Amino acid sequence: MNWAGLYTVLSGVNRHSTAIGRIWLSVIFIFRIMVLVVAAESVWGDEKSAFTCNTQQPGCNSVCYDHFFPISHIRLWALQLILVTTPALLVAMHVAYQQHQEKKLLVLTGHGDPKHMEEVKKHKMRISGSLWWTYVCSVVFRLLFEAVFMYIFYMLYPGYQMVRLVKCEAYPCPNTVDCFISRPTEKTIFTVFMLVTSSICIVLNMAELVYLVVRACARRGQHSSNPPSGKGSFYGHKLSSEYKQNEINQLLTEQDGSIKDMLRRNPGLQEKGDRCSAC
Amino acid sequence: MDWGSLQAVLGGVNKHSTSIGKIWLTVLFIFRIMILVVAAERVWGDEQQDFVCNTLQPGCRNVCYDHFFPISHIRLWALQLIFVSTPALLVAMHVAYTRHEKKRRFRNGEKIDIEELKNEKIHIRGPLWWTYTSSIFFRIVFEAVFMYVFYYMYDGYQMPRLVKCNAWPCPNTVDCFVSRPTEKTTFTIFMLAVSGICMMLNLAELCYLVIKICMKEPRKTT
């Protein structure tokens, strides 16, 4: 399991994201993960072996390095990228759950043939109802993780700049010794680059949040002025003509409440004009 | 055979797991195996090279390193992850055996759709329930055993900066310095936390399975 494996896992989620979500995912993979793997890792590759202190005292090098670099930039970025990309899996799990419910409903109503099952897998889920909340939570978590890591970076490495020389006096170094960091300018450039892309991702996440909220409010406004039509769901127009109210009631009493939720969410599954008495 | 192949093998088991089992597998692959491969291996990469002792005595460094690090964290984690993920193969074997039996019945003349047989999801009931529950139990036992082994071998979960060594051929007691102790402590605690989370998920799955079977029993008798 490496970055390529993570990419495979997350590209499935891409299908159910908004347009801004897809841009965000591309920025993450191309400008952050790829830059990390292809460039940053070689810059930081010799960070310890080329960290030189002006002393021959054994152990002083190790101790000073550990004192000034409690956790390397590369590892922090790797952790940040993993934690920032995983909330998308919440959405993937919710979508998988919804698809499972739809398949169950199709089987119950006698449409369990492979063609319909394939359609369930392929059609894009609309981000509404409980999926909207899951999606918004995942975006909020992403923002939170990005902000937390930027703060951690600032706390550990004040100013985001890599200095050329550090003065160290930890045991067993005799008095104060000068220690020199390898490639400080290159490291500063990459730190600033990763910081800028992190900020771009934060801006994209905030834009996505605003977009989702505005869209939900607009939809609610539309619904309150026009009552819901029977074309709400993907299967509404296919099944409503074949449903009889008593069959729906029978299914509802036999199965668990999740089917009731499904019908409540997709009013088109019932005959037009009828209200489900068991909902 | 590497982590990718293990992922391919276990991905098949995923289909017959409960939802908690699927979450557990995701946590295992993303927060444990991936972190191990992408980050932790680099941190421990130079552990012996940069293990420095305050002496010029040849052999002292090797002996001291071997004394304080009988088995490296990375290798212990790799073993832990392999042991913890393999009970799921018991379930895979059981499912394969069930399918084989159905195919045999098909060959003996009973009418079963072979394509449907390959794709159908097998419910966790009867002997499969026992196999599944045993696999979860073994996972929990292996996690706990490895957490204890870590604690016992390294006197807690913290990596010291300095160790004092007086094994032969070191003259008297020498100071030896461990490389990147803070980063190593951070990752040890991270892996411990995720291991704890995995254990909780396994316990939750065990409770869920037991409750599910208890709820089904009264329905059958009524």
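The structure displayed is predicted, hence computed values, not measured ones. (Residues numbered from 1 in each chain as written. Chains lettered and ligands numbered in written order. Predicted model: local features only at pLDDT ≥ 70, side-chain atom pairs only at ≥ 80, totals over all residues. Heavy atoms only, no water.)

1. A word on the sheet that holds strand β2 (residues 162–165) of chain B
All names here are of chain B.
- Here we have three strands laid out as an open sheet, ordered β1-β3-β2, and antiparallel in their pairing. The open sheet has two edge strands with one neighbour each: β1 (52–53) and β2.
- As defined by bridge partners, β1 adjoins strand β3 (residues 174–177) across two bridges and the pair is classed as antiparallel. Its bridge partner lying in β3, V52 is registered against F177. (Pairing = 2+ DSSP bridges. Helix = DSSP H or I, 4+ residues; strand = E, 2+ residues; numbered from the N terminus.)

2. Brief notes about the UniProt feature "domain: Connexin cysteine-rich" (unreviewed entry) in chain B
- Sites flagged by UniProt as "domain: Connexin cysteine-rich" (unreviewed entry) map to residues 142–209 of chain B.
- Each end of residues 142–209 of chain B is marked by a C-alpha atom, and these two atoms are 20 Å apart; helix forms 60% of the span and strand 12%. (UniProt positions renumbered as here; feature names shortened; annotations may be inferred.)

3. Here's the deal with the pattern of salt bridges
- All chains considered together, the criterion is met by 18 salt bridges over all chains.
- E186 of chain A is paired through a salt bridge with R183 of chain A; the nearest N and O atoms lie 3.9 Å apart.
- Through salt bridges with shared partners, a single network forms among E47 and R75 of chain A together with D46, R180 and E183 of chain B. (Salt bridge = Lys/Arg side-chain N within 4 Å of Asp/Glu carboxyl O.)

4. As for the pairing of β2 of chain B
Residue and element names in this part refer to chain B.
- Burial along β2 is one-sided: the face carrying V163 and C165 is buried and the face carrying L162 and K164 is not.
- As paired elements, β2 and β3 share four bridges and run antiparallel to each other. Bridge pairing in β3 links C165 to V174. (Buried < 20%, exposed > 50% of the residue type's maximum accessible area, 1.4 Å probe, protein only.)

5. Considering the environment of I197 of chain B
Residue and element names in this part refer to chain B.
- Note that I197 resides in helix α8 (residues 181–221).
- According to the relative accessible area criterion, I197 is partly exposed, its value standing at 45%.
- Taking the C-alpha atoms as reference points, I197 and R180, 17 residues apart in sequence, are found 26 Å from one another.

6. Re a nonpolar patch on the surface
Residues and elements named next belong to chain A.
- Together, I30, F31, M34, V37, V38 and F193 give the surface a local cluster of nonpolar side chains, amounting to about 540 Å² of exposed area.
- If you tally residues by element for the nonpolar patch, the top one is helix α2 (residues 19–43), at five residues.
- Its place among the elements puts V37 in helix α2.
- Using a relative accessible area of 38% as the deciding quantity, one classes V37 as partly exposed. (Patch = residues over 30% accessible without salt bridge, like charges linked within 9 Å, V, L, I, M, F, W, Y side chains within 5 Å. Areas by Shrake-Rupley, 256 points an atom, 1.4 Å probe, with all protein chains shown as cover.)

7. Quick look at the interface of chain A and chain B
- At the junction of the two partners, chain A supplies 29 residues and chain B supplies 34 residues.
- With both sides pooled, the region where chain A packs onto chain B buries about 2,700 Å², and carbon together with sulfur makes up 67% of that total.
- Sorting the residues of chain A by area buried against chain B places M1, D66 and R75 of chain A first, and these three jointly supply 28% of that buried surface.
- Our count for the contact surface shared by chain A and chain B stands at five salt bridges.
- When the shortest N-O distance is used, the salt bridge between K48 of chain A and D50 of chain B registers 3.2 Å.
- Connecting chain A to chain B are ten residue pairs in polar contact (both at pLDDT 80 or more).
- For the side of chain A that touches chain B, a count of residues per class yields 17 nonpolar, seven polar and five charged. (Contact = heavy atoms within 4.5 Å. Buried area = accessible area lost by both parts, 1.4 Å probe. Polar contact = N/O pair within 3.5 Å; in protein donor to acceptor, adjacent residues only side chain to side chain. Nonpolar A, V, L, I, M, F, W, Y, C, P; charged D, E, K, R; others polar.)

8. Structural notes on the sheet that holds strand β3 (residues 177–180) of chain A
All names here are of chain A.
- Read across the sheet, three strands follow the order β1-β3-β2 without closing on themselves; strand pairing throughout is antiparallel. Of all strands in the sheet, those with a lone pairing partner are β1 (52–53) and β2 (165–168), marking the two edges.
- Across two bridges, the pairing between β1 and β3 is antiparallel. Paired with C53 across the two strands is C179, which belongs to β3.
- Set on the sheet, helix α3 (residues 60–68) makes contact with β1, β2 and β3; between it and β2 the angle comes to about 110°. (Axes fitted to C-alpha atoms, helices over the stretch in contact; angles between N-to-C directions.)

9. Describing the packing of helix α4 (residues 73–85) of chain A against helix α8 (residues 184–225) of chain A
All names here are of chain A.
- Close contact between α4 and α8 brings their axes to 12 Å; oriented N to C, the two are set at 15°. The orientation of α4 with respect to α8, classified from their angle, is roughly parallel. In the packing of α4 onto α8, the handedness of the crossing is left-handed. The residues of α8 that touch α4, namely those facing H73, W77 and Q80, are F190, T191, M194 and S198.
- Looking at side-chain class alone, the contact of α4 with α8 contains three nonpolar, four polar and no charged residues. (Parallel < 35°, antiparallel > 145°, perpendicular 65-115°, else oblique. Left-handed = near helix turned anticlockwise from the far one by under 90°.)

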